[in-house]
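Coordinate inspection notes
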Amino acid sequence: MYLLERQKKILTILLSCDGWITGEKIGRALGITDRTVRNDIRIINEELQKYTDSVVESIRGKGYFLVSKERNILLEKLEKTDVGETTEGRLYSIALEILMSEEPVPLDDLEEEFYISRTTLEAVIKSINDIFLESLGSNLIVHKKNAVFTKVDEEKRREVVRRFIAVQEAEITDVIKDEYGYLDKEYTSVLIKLIRKVLAKHGLQLTDQDMIDTVLFLYIQTTRVLQGGELKESIYEKPPKILQRISDEIFNLLEEKHKKKYGKTERKRFAVWLCDIRMMRAERFTKKEIEAIIEPKYLVIVEELLNDIKNEFMLDLTRDEELFVDLVLHIRFSIKFGKNSVH
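What you see is a predicted model, and the numbers here were worked out from it, not measured in a lab.

Analysis parameters
Residues numbered from 1 in each chain as written. Predicted model: local features only at pLDDT ≥ 70, side-chain atom pairs only at ≥ 80, totals over all residues. Heavy atoms only, no water. Axes fitted to C-alpha atoms, helices over the stretch in contact; angles between N-to-C directions. Helix = DSSP H or I, 4+ residues; strand = E, 2+ residues; numbered from the N terminus. Parallel < 35°, antiparallel > 145°, perpendicular 65-115°, else oblique. Left-handed = near helix turned anticlockwise from the far one by under 90°. Contact = heavy atoms within 4.5 Å. Pairing = 2+ DSSP bridges. Patch = residues over 30% accessible without salt bridge, like charges linked within 9 Å, V, L, I, M, F, W, Y side chains within 5 Å. Areas by Shrake-Rupley, 256 points an atom, 1.4 Å probe, with all protein chains shown as cover. Salt bridge = Lys/Arg side-chain N within 4 Å of Asp/Glu carboxyl O. Lys, Arg positive; Asp, Glu negative; His and termini not counted. Charge placed at Lys NZ, Arg CZ, Asp CG, Glu CD. Phe/Tyr/Trp six-rings, centres within 6.5 Å; stacked < 30°, edge-to-face > 60°. Buried < 20%, exposed > 50% of the residue type's maximum accessible area, 1.4 Å probe, protein only. Nonpolar A, V, L, I, M, F, W, Y, C, P; charged D, E, K, R; others polar. Core = buried A, V, L, I, M, F, W, Y, C linked by side-chain atoms within 4.5 Å. Polar contact = N/O pair within 3.5 Å; in protein donor to acceptor, adjacent residues only side chain to side chain.

1. Considerations on the packing of helix α11 (residues 241-258) against helix α12 (residues 264-274)
Closest axis-to-axis distance for the α11/α12 pair is 8 Å, and the angle between their directions is 130 degrees. Judged on the interaxial angle alone, α12 and α11 are oblique. Of the two possible hands of crossing, α11 and α12 adopt the one that is right-handed. In this structure, α11 uses Leu-243, Gln-244, Ile-246, Ser-247, Asp-248, Ile-250, Phe-251, Asn-252 and Glu-255 to contact α12, whose residues at the interface are Glu-266, Arg-267, Lys-268, Phe-270, Ala-271 and Leu-274.

2. Considerations on the sheet that holds strand β5 (residues 147-150)
Pairing in this open sheet of three strands is antiparallel, and the strands run β3-β5-β4 from one edge to the other. For this open sheet the edge positions go to β3 (105-106) and β4 (141-144), each flanked by a neighbour on one side alone. Sheet analysis places β4 next to β5, joined by four bridges and oriented antiparallel. Pairing of Val-142 across the sheet is with Phe-149, part of β5. Seen against the sheet, helix α7 (residues 118-136) touches β4 and β5 and runs at an angle of roughly 135 degrees to β4.

3. Re a negative patch on the surface
Together, Glu-291, Glu-303, Glu-304, Asp-308, Glu-312, Asp-320, Glu-321 and Glu-322 give the surface a local cluster of negative charge. Counting only elements with at least two residues in the negative patch, the list comes to α14 (296-313) and α15 (321-338). Top contributing element to the negative patch by residue count: α14, with four residues. Mapped onto the elements, Glu-304 comes out in helix α14.

4. Details of the packing of aromatic side chains
On inspection of all chains with the given rule, the structure shows nine aromatic pairs. Ring geometry for Phe-251 and Phe-270: centres 5.8 Å apart, planes at 85 degrees, overall edge-to-face. Within this pair, whereas Phe-251 is found in helix α11, its partner Phe-270 is found in helix α12, the two being separated by 19 residues in sequence. Residue classification places Phe-270 among the buried residues on the basis of a relative accessible area of 0%. Put simply, the rings of Phe-217, Phe-251, Tyr-262, Phe-270 and Trp-273 touch in pairs and so form one group of aromatic residues.

5. Focus: the packing of helix α1 (residues 5-16) against helix α3 (residues 34-48)
Put simply, α1 and α3 touch, their axes get as near as 10 Å, and they point 85 degrees apart. In this view, α1 runs roughly perpendicular relative to α3, as classed from their interaxial angle. Between α1 and α3, the contacting residues are Arg-6, Gln-7, Ile-10, Leu-11 and Leu-14 on the first element and Thr-36, Val-37, Asp-40, Ile-41, Ile-43 and Ile-44 on the second. Of the residues that constitute the contact of α1 with α3, the class distribution is seven nonpolar, two polar and two charged.

6. A look at the nonpolar core
In this structure, Ile-128, Phe-164, Ile-246, Leu-254, Met-279 and Ile-290 are the most contacted members of the largest nonpolar core, which totals 76 residues. In contact with Ile-290, other than residues within four places in its own chain, are Phe-285, Leu-299, Phe-324, Val-325, Val-328 and Leu-329. One finds Ile-10, Ile-21, Val-37 and Val-56 within the second-largest nonpolar core, a separate group that totals 21 residues.

7. Examining the side chain of Thr-188
Mapped onto the secondary structure, Thr-188 falls in helix α9 (residues 185-201). For Thr-188, a relative accessible area of 1% gives the class buried. Here Lys-185 takes part through its backbone oxygen, which lies 2.7 Å from a polar atom of the side chain of Thr-188. Not counting residues within four places of it along the chain, the set of residues in contact with Thr-188 comprises Val-175, Ile-176, Leu-183, Val-215 and Tyr-219.

8. Here we look at unusual backbone geometry
Positioned with a positive phi, Lys-259 is a non-glycine residue whose angle comes to about 55 degrees. Positive phi, normally seen in glycine, also occurs at Met-314, with a value near 55 degrees. Checked against the element boundaries, Met-314 lands in the loop between α14 and α15. On the basis of relative accessible area, Met-314 is assigned to the exposed category, the value being 73%.

Shown next as structure tokens:
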């Protein structure tokens, strides 16, 4: 069971009550606001879905009441809290809280939200900085008076946010769930449907893992834009026309949903992301189709490879279009997965 320490204490209070208890009373007991109690109850209910007929019911004016056929199991789970899990979950949640905020986040607010001391909070912030100190050459999170914020550029910020969202699903469903409850499952469902709709129009589909990665990328991208964190300059290579068209069609649908314009840079950035995603279709790609959808650098690698085989072993495979297509897709994915230089 993963819940923050504060949420575990709320659940413990609910388990110990025989009747209804108000949010105000829970808040007073833990030194938190009614709003925090409401938010935590929502997260607790998501966690309780794993247990038979377990839910925290709420009625305005009466408060909260825990209904469960597995109260003893819940008590055992709370008593057997995995310290490592709690620590990692707290670190991920605090990192996301800071990274997704445009303004400095007061330390007092973080202490109250996560129900931890200033000493513990500073230790968590140091741990977050230690993770990225070598790659960034400086701290990811810095202090400003009695608050903290991140000073990396927008592109790097989004990359780091992806690092702190723990999605463990190997198969795609109608929603994407992350381990620590950050993602809005309803919005991930919307993005999955949009992506599938546009790809189907072009006769394309994604593997489950690539769909998860793409939804997560688009989730963070659109959320940051809505928060005011839009990319300002286009520093990316020009993507294939078909991928730019797919990106534009997805963002056109998102603009209808959010009533918000997405600039050319954001659209191009998503198209560039699609360059590293494995596009599939029910039937095999033809060589002409693969040349239209894949960046030229991968085509050059395969052409050189087949020419070397021909010259070295007197084995001419240059006319085998199926082999050409499969090699392009395989090498493109291998380079992405292995993070090796295309050069």
